[in-house]
Amino acid sequence: MSTVFDDRTCLLGEGPLWHPERRQLFWFDILNRRLLSRDNGTPHTWQFGEYVSAAGWVSRSELLIASQSKLFLFDLETEASSKVCDLEADDAVTRSNDGRADPKGGFWIGTMGINVEKAAGAIYRFHKWELRKLFDGVTISNAICFSPDGRTAYFADTATQVIQKVALDPDGWPSGTPETFVDLTSGDLNPDGAVVDSDGYLWNAQWGAGRVARYAPDGRFVEEIKLPASQITCPAFGGDDLKTLFATSAAEGLSGEVDGKTWLTEAAVRGQIEHRVVL
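Residues numbered from 1 in each chain as written. Predicted model: local features only at pLDDT ≥ 70, side-chain atom pairs only at ≥ 80, totals over all residues. Heavy atoms only, no water.

Colleague: I keep staring at the environment of Gly200 and nothing clicks. Help me out?
Modeller: When you line up the elements, Gly200 lands in the loop between strand E18 (190-196) and strand E19 (202-207). Here Gly200 is in contact with Pro148 and Pro217, once residues within four sequence places are set aside. (Helix = DSSP H or I, 4+ residues; strand = E, 2+ residues; numbered from the N terminus. Contact = heavy atoms within 4.5 Å.)

Laid out in structure tokens, this is it:
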């Protein structure tokens, strides 16, 4: 049974992150350029001057945030920010989208065209102060997540309706060619954000389908969690036992009362602790 976790309407909710030290969920409303959270029932909002979309936690007070033009450190207590590196800063067409910290302390971030320009985006990894482009020609970067053993990364270009997987080397860099993990074209499903649970099963939000679908490590469909909002964008595990499944949604193009809310439901399995970004 799903319930509303936060009733503020996000035009494009994305990037939910459960901070394990603060025991607090953070997420973004990309198109409204804001970071949101709740702390003991109290809503919080931080406003930015450009699109912000994804984050990893660095310390109790600091997040590494991906924006339209850069990666930057943001202090939740003082609201001070400092640029870490540029992210397609010279490309006015693109912005950041989906991202997540990996088991080796790196941070993966995807970009895309602000107006969904075909193949305008890419997927990068930031690790040990190096930002390296991994894959290009991406239209809508999504579904970045990692297996519990740190040997596999998953990602998607929503426009292709395929979730891919790629083997990782001991330092967390791709060591092979991406291959198909789940092909959703036959069901006309659109893979959005994703997260992997502690058993290695991938949970994928599917834009327009009002669900988060769970897939076994071999790509087999296992189950779905239906949610009232149709445009579910990204799941995240949190709560004291990591069995609460949060999900962001988007109101863009819609006018229903449930659209753009942030949801929660209880799962039967535990998630992984969100990895820390090591700087």
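Moving on from the coordinates now.
Colleague: Mind showing me how you'd approach the nonpolar core here?
Modeller: Nonpolar side chains tend to gather and get buried jointly when the protein is soluble and globular. If you look at the biggest cluster of nonpolar residues, it comprises 16 residues, and the most contacted ones within it are Leu64, Leu71, Val84, Phe107, Ile109, Phe126 and Val277. If you list the elements that add at least two residues to this core, you get strand E7 (62-67), strand E8 (70-75), strand E9 (81-86), strand E11 (107-113) and strand E12 (121-127). It is E12 that contributes the most residues to this core, three residues altogether. By size, the runner-up hydrophobic cluster in this structure holds 15 residues, among which are Ile163, Phe181, Leu184 and Ala209. (Core = buried A, V, L, I, M, F, W, Y, C linked by side-chain atoms within 4.5 Å. Buried < 20%, exposed > 50% of the residue type's maximum accessible area, 1.4 Å probe, protein only.)

Colleague: Sorry, what's going on with the side chain of Arg34 here?
Modeller: In this structure, Arg34 sits in strand E4 (residues 34-39). Sequence-distant contacts of Arg34, that is, excluding residues within four places in its chain, are made with Thr9, Cys10, Trp27, Phe28, Asp29, Thr45, Trp46, Gln47, Phe48 and Val52.

Colleague: Whenever I open this one, the side chain of Ser67 confuses me. Can you help?
Modeller: In this structure, Ser67 sits in strand E7. On the basis of relative accessibility, which here comes to 0%, the residue Ser67 falls in the buried class. Among all residues touching Ser67, those that are not within four sequence positions of it are Glu50, Tyr51, Val52, Phe72, Leu87 and Ser96.

Colleague: I tried to follow the sheet that holds E8 on my own but got confused; where do I start?
Modeller: Either a parallel or an antiparallel arrangement is found when strands of a sheet pair, and the pairing is made through backbone hydrogen bonds. The four strands are arranged E6-E7-E8-E9 in an open sheet whose pairing can be described as antiparallel. Looking at strand neighbours, the two that pair on one side only are strand E6 (52-57) and E9, the edges of this open sheet. Each neighbouring strand pair of the sheet contributes to a mean axis angle of 25°, computed without reference to strand direction. Pairing geometry for E6 and E7, over five bridges, is antiparallel. What sits directly across from Trp57, in E7, is Leu63. (Pairing = 2+ DSSP bridges. Axes fitted to C-alpha atoms, helices over the stretch in contact; angles between N-to-C directions.)

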